[in-house]
Amino acid sequence: MIEIKNLNKFYNKGRQNQICAVNNTTLSLPDSGMIAFFGKSGCGKTTLLNIIGGLDKPQSGQVLLDGESVSPTSYRTRNAKIGYIFQNYNLSKSMTVYENVASSMRLCGVTDEDEIEQRTLA
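Predicted, not measured: the structure shown is a model, and the values here were computed from it. (Residues numbered from 1 in each chain as written. Predicted model: local features only at pLDDT ≥ 70, side-chain atom pairs only at ≥ 80, totals over all residues. Heavy atoms only, no water.)

1. Quick look at the nonpolar core
Here is the rule: What we call a nonpolar core is a set of buried Ala, Val, Leu, Ile, Met, Phe, Trp, Tyr and Cys residues that are connected through their side-chain atoms within 4.5 Å. Note on classification: 1.4 Å probe, protein chains only; a residue is buried when its accessible area is under 20% of the maximum for its type, exposed when over 50%, partly exposed between these limits. Numbered from the N terminus, helices here are DSSP runs of H or I no shorter than four residues, and strands are runs of E no shorter than two. Contacts: residue pairs with any heavy atoms within 4.5 Å of one another.
With 10 residues, the main nonpolar core is built from Ile4, Leu7, Val22, Leu29, Leu48, Ile51, Ile52, Val63, Leu65 and Val70. At the level of secondary structure, the elements contributing two or more residues to this core comprise strand E1 (2-11), strand E2 (19-29), helix H1 (45-52) and strand E3 (60-65). Non-local contacts of Ile4, meaning those with residues more than four positions away in its chain, are made with Thr25, Thr26, Leu27, Leu48, Ile52, Gln62 and Val63.

Right, dumping it as structure tokens:
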């Protein structure tokens, strides 16, 4: 389960052009299923996802994944439990979808080819 507690993220904090991208947000996301965030361009959707994924750091608040803190420095948790698909995938055009996914797992340290196949096809 992902828990978000009192999350805040500002850009240009304390300046005249300060932007509040995430404002005191608290929510819990279930272990499975699909979640969609909708909103106008610039309302903080990507910022929130970057913080949840450990790619960006909030000014305050906390993100917990199965009780473990997620941050840009929590490499083990991110590597083992978080998958991130960017809007611009940066996939290798010379490889199939399967090969792109499988190679990502190899980069993360998965060496068992049967496990790679099972996880890629799931």
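2. Regarding the state of the cysteines
Two cysteines whose sulfur atoms are joined by a covalent bond form what is called a disulfide. To keep it simple, the criterion reads: Here, a disulfide means two cysteine sulfur atoms that sit within 2.5 Å of each other.
For the structure on display, the rule yields zero disulfides. Among the cysteines around Cys20, which has no disulfide bond, Cys43 carries the closest sulfur, lying 11 Å off.

3. Re the pattern of salt bridges
Quick note on the threshold: By convention in these notes, a salt bridge is any Lys or Arg side-chain nitrogen within 4 Å of a carboxyl oxygen on Asp or Glu.
Enumeration according to the criterion identifies three salt bridges in this entry. For Lys9, the salt bridge goes to Asp56, with nearest N and O atoms at 3.3 Å. Of this pair, Lys9 sits in strand E1 while Asp56 is found in the loop between H1 and E3, placing the two residues 47 residues apart along the sequence. Here Arg106 ties to Glu113 by a salt bridge, and the two come within 2.8 Å at their closest N and O atoms. For Arg106, a relative accessible area of 41% gives the class partly exposed. On the basis of relative accessibility, which here comes to 43%, the residue Glu113 falls in the partly exposed class.

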